[in-house]
Amino acid sequence: MAESPMNKPVPNDEDTDKEENIRCLTLLDHFGFECLPHQLVTKYMKEGFSFNILCVGETGIGKSTLIDTLFNTNSKEHKSSHFHSTVGLKIQAHELQEANVHLKLTVVKTVGYGDQINKEGSYRPIVDYLDAQFEAYLQEELKIKRSKYHDSRIHVCLYFISPTGHSLKSLDLITMKKIDHKVNIVPLIAKADTISKTDLPMFKSKIMSELAKQGIQIYQFPVDDDVTAQTNSLMKAQLPFAVVGSVEEVKVGRRTVRGRQYPWGVLQVDNENHCDFVRLRDMLLCTNMEDLKEQTHTLHYEHYRSVRLKQMGFSEVGPNNQPISFQEIYEAKRQEFAEQCLREEEQLKHKFMQRVKEKEIAFKETERELQEQFELLKRIQQEETMKLEEERRKLDEEIIEFYKMKAASESLQAQLKRDKERRK
């Protein structure tokens, strides 16, 4: 609706003076902040990049082969055993360089996953490892003086699905449900060359339907960037990626390609018509590596951090729902801790005094018993002494009587001897 001339505000002299006092500066040269991206590129090129991958899948499903195919590495691993009593994790670090770009790659692979008869706790080592990396990063953040810390948080989880062609296993659903809020999950159909081209789209559709039905959150490709929106939309439509890994080189006409030789022909790993390996590589390394790292920090780590800080007793608002600063929380926690220490000290003192009293009572009771035993033994000893004195007195009387009898006997014998001599 057009504004009526009658309704337009009439400018006063003060407004006119203000407009006349406004100075317009003419830019004679550029400021230079357009070079900021170049500064960042130079900085990161000097420091290098890091990327951490978690590979989850059954033994022998092709985890090591796919990583070697992705990064042109050679892990030289021995043939995996299927006789592991528990699920473990194997960590490998690689220093890679392409042109002038350095990449520190860390690959964590499951060992013995799915080999046990009872698979109830197979996901636990994976969850514990993810939490341990978040906890290590959080503890480093909370330090007063932080050192140069290598970020070991997992940026992406490549979940290898067995090419059964039917549906996901219960172990797959349980594990992905336990880790979907801790890591970016990218589902892969391993050894996709074992599934026919007609069955593969149905298998993919069935997997995505099961994931949606179970409420499992997988990595969401960013589509807000005009440069990568179309590429990510096409990649999202290909999920889960049907991949085949191979570091072997085979001849196809006059060309040498990476692939697998079969009696019926050659499967080319880098051919998009044969498998989704190229799409996976482009998604991980060319298009979404930084987004995967950003999602790890802003989404998964922030969720873990908020939960841990709440467990520690920190909150954003006070009892009156007013914003509270970290310093206030610290002071409150320190006061609470000091009060708790005083309460525990009083409790310990009370327990100590109570135990001292109990010991004193016990010692007094023991002393009374020992005194009674001493008095009893003293009376017995006195009685025995009196008996011995009486026996000694009787014995002395018997000795005196004996000597008297002996003297009388000797006197009698002497008398008899004298009488006998007189008779002679």
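Heads up: the structure comes first, above all this text.
This one's a predicted model, so the numbers in the text were calculated from it and none came from an experiment.

Criteria and cut-off values
- Sequence order as written defines residue numbering, which begins from 1 separately in each chain.
- Per-residue local features of the predicted model are confined to residues with pLDDT of at least 70, and side-chain atom pairs are confined, for both listing and counting, to 80 or more; whole-chain, interface and lining totals are unaffected and use all residues.
- Only hydrogens and water are set aside when side-chain values are computed; all heavy atoms of the structure are taken into account.
- Labels follow the DSSP assignment, with helices taken as runs of H or I lasting at least four residues and strands as runs of E lasting at least two, numbered in each case from the N terminus.
- For every residue, the accessible area obtained with a 1.4 Å probe (protein chains only) is divided by the maximum for its type, and the residue is called buried under 20%, exposed over 50%, and partly exposed between those limits.
- The criterion used for residue contact is that any of the two residues' heavy atoms lie within 4.5 Å.
- Using a 1.4 Å probe, the Shrake-Rupley method yields the accessible areas, and only the shown protein chains count as cover for residues.
- Any carboxyl oxygen of Asp or Glu that lies within 4 Å of a side-chain nitrogen of Lys or Arg is treated as forming a salt bridge with it.
- A helix is expected to span 1.5 Å multiplied by its residue count minus one.
- Given a residue, its bend is the angle between the two axes fitted to the seven residues that end at it and to the seven that start from it.
- The pairing criterion for strands is at least two bridges between them, as found by DSSP.
- Only the contacting stretch of a helix is used when fitting its axis, a line to C-alpha atoms as for every element, and angles between N-to-C directions run 0 to 180 degrees.
- In what follows, roughly perpendicular refers to angles from 65 to 115 degrees, roughly parallel to angles under 35, roughly antiparallel to angles over 145, and oblique to any angle outside these ranges.
- Amino acid classes used here: Ala, Val, Leu, Ile, Met, Phe, Trp, Tyr, Cys and Pro are nonpolar; Asp, Glu, Lys and Arg are charged; the rest, including Gly, are polar.
- The nonpolar core is taken to be a set of buried Ala, Val, Leu, Ile, Met, Phe, Trp, Tyr and Cys residues, with the residues joined through side-chain atoms within 4.5 Å.
- A pair of Phe, Tyr and Trp rings is counted when the ring centres sit within 6.5 Å of each other, with Trp represented by its six-membered ring. The angle between the planes then sorts it: under 30 degrees is stacked, over 60 is edge-to-face, the rest tilted.
- Remark: a charge is flagged as sitting over a ring if the NZ atom of Lys or the CZ atom of Arg is within 6 Å of the ring centre and within 35 degrees of the ring normal.
- Residues adjacent in sequence count toward polar contacts only when both atoms are side-chain atoms; beyond that, a polar contact is any pair of N or O atoms within 3.5 Å, and within protein one must be able to donate a hydrogen and the other to accept it.

**A look at the overall build of the chain**
- The secondary structure content of the chain amounts to 10 helices and nine strands.
- Out of the 424 residues in the chain, the part that is buried amounts to 31%.
- In the chain, of all internal contacts separated by at least 6 residues, the share reaching a separation of at least 24 is 67%.
- Accessible surface, the chain: about 30,300 Å² in total, of which carbon and sulfur atoms supply 54%.

**Focus on the pattern of salt bridges**
- Across all of its chains, the model carries 20 salt bridges by this definition.
- For the salt bridge of Asp 151 with Arg 153, the shortest nitrogen-to-oxygen distance reads 2.8 Å.
- The class of Arg 153 is buried, set by a relative accessible area of 4%.
- A salt bridge links Glu 302 to Arg 305; the shortest N-O distance between them is 3.7 Å. With Glu 302 and Arg 305 both in helix α9 (residues 289-312) and three residues apart, this pair spans about one turn of that helix.
- Residue Arg 305 is classed as partly exposed on the basis of its relative accessible area of 30%.

**Re α9**
- The terminal C-alpha atoms of α9 lie 33 Å apart, and with 24 residues this matches the ideal 34 Å at 1.5 Å per residue to within 8%.
- At Tyr 301, α9 is deflected by roughly 35 degrees, the largest bend along its length.
- For α9, the full list of buried residues reads Met 289, Asp 291, Leu 292, Lys 293, Thr 296, His 300, Tyr 301, Tyr 304, Arg 308 and Leu 309.
- Buried positions along α9 lie against β1 (49-56), β3 (101-111), α4 (124-142), β4 (156-161) and α8 (277-287).
- Looking one or two residues past α9, Gly 313 carries a phi angle of roughly 105 degrees, positive in sign.

**Looking at the sheet that holds strand β7 (residues 249-252)**
- Strand order in this open sheet of three strands is β7-β8-β9, and the pairing throughout is antiparallel. Pairing within the sheet leaves two strands with one partner each, and these edge strands are β7 and β9 (265-268). Strand-to-strand, the axes of this sheet are offset by a mean angle of 70 degrees, without reference to chain direction.
- Looking at chain direction, β7 and strand β8 (residues 255-262) are connected through four bridges and run antiparallel. Residue pairing across strands places Glu 249 opposite Arg 258, the latter belonging to β8.

**Quick notes on the packing of α4 against α9**
- Remark: α4 packs on α9, axes separated minimally by 10 Å, with the N-to-C direction vectors making an angle of 75 degrees. The angle between α4 and α9 places the two elements in the roughly perpendicular class. Residues Asp 131, Phe 134, Glu 135, Tyr 137, Leu 138, Gln 139, Glu 141 and Leu 142 of α4 lie in contact with α9, whose contacting residues are Thr 296, His 297, His 300, Tyr 301, Tyr 304, Arg 305, Arg 308 and Met 312.
- Its residues placed into classes, the contact of α4 with α9 shows seven nonpolar, four polar and five charged.

**What to know about the sheet that holds β3**
- The strand order across the open sheet built from six strands is β2-β3-β1-β4-β5-β6, with neighbouring strands paired in mixed fashion. Edge positions in the sheet fall to β2 (88-98) and β6 (241-242), since each of these pairs with one other strand and no more.
- In terms of strand pairing, β1 meets β3 through seven bridges, oriented parallel. Following the sheet pairing, Phe 51 is matched in β3 by Leu 105.
- Contacts from helix α3 (residues 63-71) reach β1, β2, β3, β4 and β5 (185-189), with the element oriented near 170 degrees to β3.

**Points about the nonpolar core**
- Judged by nonpolar contacts, the single largest core of 66 residues is most densely connected at Leu 158, Phe 241, Leu 280 and Met 283.
- In terms of residues, this core owes the most to one element, β4, which gives six residues.
- With near-sequence residues (within four places) excluded, Phe 241 lies in contact with Val 186, Pro 187, Leu 188, Ile 189, Phe 221, Met 235, Asp 276, Arg 279, Leu 280 and Met 283.

**Remarks on the packing of aromatic side chains**
- As enumerated under the stated definition, the model contains seven aromatic pairs in all.
- Arranged with centres 6.0 Å apart and planes meeting at 50 degrees, the rings of Phe 134 and Tyr 301 form a pair that is tilted. Of this pair, Phe 134 sits in helix α4 while Tyr 301 sits in helix α9, placing them 167 residues apart in sequence. For the pair Phe 134 and Tyr 301, a shared accessibility class is recorded, and that class is buried.
- On the numbers, 5.8 Å between centres and 65 degrees between planes, the contact of Phe 402 with Tyr 403 is edge-to-face.
- Taken together, Phe 134, Tyr 137, Tyr 301 and Tyr 304 form an aromatic cluster joined through their ring pairs.
- The side chain of Arg 153 reaches across the aromatic face of Tyr 137, ending 3.7 Å from its centre.
- The residue whose ring lies beneath Arg 153 is Tyr 301, and the NZ or CZ to ring-centre distance is 4.9 Å.

**Here we look at the side chain of Arg 258**
- Structurally, Arg 258 is set in strand β8.
- Judged by its relative accessible area of 15%, Arg 258 falls in the buried class.
- Of the polar contacts made by the side chain of Arg 258, one reaches the side chain of Asp 270; its length is 3.1 Å.
- The residues touching Arg 258, leaving out its near neighbours within four places in the chain, are Thr 69, Asn 72, Ser 246, Glu 248, Glu 249, Leu 267, Gln 268, Val 269, Asp 270, Phe 277 and Arg 281.

**Some thoughts on unusual backbone geometry**
- That bond from Leu 239 to Pro 240 is cis: its omega, -10 degrees, falls within 30 degrees of zero.
- The phi dihedral of Asn 72 is positive, around 55 degrees, even though this residue is not glycine.
- Along the chain, Asn 72 falls in the loop between α3 and β2.
- On the basis of relative accessibility, which here comes to 64%, the residue Asn 72 falls in the exposed class.

Honestly, it's all geometry; don't read function into it.
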